[in-house]
Each structure stands twice: as C-alpha cells, then as structure tokens.
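Here are the chains, one letter per residue:
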Amino acid sequence: MKKNLSLLLSCFSFIYFVGLIFISIKNILLNDIFEALFETATIPLIVLVAILIVISFKAWHADKWEVKSKSFPTVLILTATVALIIFATVFNV
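Because the structure is a prediction, the values reported are computed rather than measured.

Criteria and thresholds
Residues numbered from 1 in each chain as written. Predicted model: local features only at pLDDT ≥ 70, side-chain atom pairs only at ≥ 80, totals over all residues. Heavy atoms only, no water. Helix = DSSP H or I, 4+ residues; strand = E, 2+ residues; numbered from the N terminus. Buried < 20%, exposed > 50% of the residue type's maximum accessible area, 1.4 Å probe, protein only.

> In this structure, what is going on with the overall build of the protein? I would like to understand it.
Within the protein, the regular secondary structure consists of three helices and zero strands. Counting from the amino terminus, helix and strand elements in the protein follow one another as α-α-α. With the C-alpha coordinates of the protein rotated into their principal frame, the extents come out at 45 × 25 × 15 Å. For the protein, the proportion of its 93 residues judged to be buried stands at 25%.

Now the structure itself:
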C-alpha cells in the first residue's frame, strides 16, 4: 500500500472518530439516514484502523524506525485514533 494512501486513510479514520465522539458528547440527534450511515461505517473503520496499524508498523520497520520517514506520521495518527477510541469507550462517551 502506498504510504500516501495509508496516511490519507488514517487521517480520515481519525476525523471520523473525532466527529463520532463529538456527536455523542454534544447529544446531537441525527435523522435515521445519517444514523444508519454512521452505524454502518463504524465497524469497517475499526477493522481498517487495525489493518492500517499493521501495515504502518511494517513500513516503519522497513524504514529502520526512523522518525523522519513517511510512515511515522501514519503511526502517530493511528495511535491517537486507537487511544481516542479506548478513552471514549472507557468514559462511556
């Protein structure tokens, strides 16, 4: 997978989960269509994050764990996404 594609997908997943948590915190009521779209997309995006973590760590390992590599920002974004999901789950947001 190209590094730019994994960076874009990881940014998209981070923004999606931030938006989902924001909607939950602010108690924004969505109509049935948007609620169905969010419900349908959540589990595939969680699986995508798990797959991207594996791919990103392999790419970062191939870059010899250099912080200046192109795969390092992807690892950071995905780590923040996973932490966000865990904190939202623990604090019941």
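> Could you clarify how one ought to interpret unusual backbone geometry in this entry?
Trans is the common state for peptide bonds, and a negative phi is the common state for residues other than glycine. Its identity is not glycine, yet Lys-64 carries a phi of approximately 60°, on the positive side. You can see Lys-64 is positioned in the loop between helix 2 (32–62) and helix 3 (72–90).

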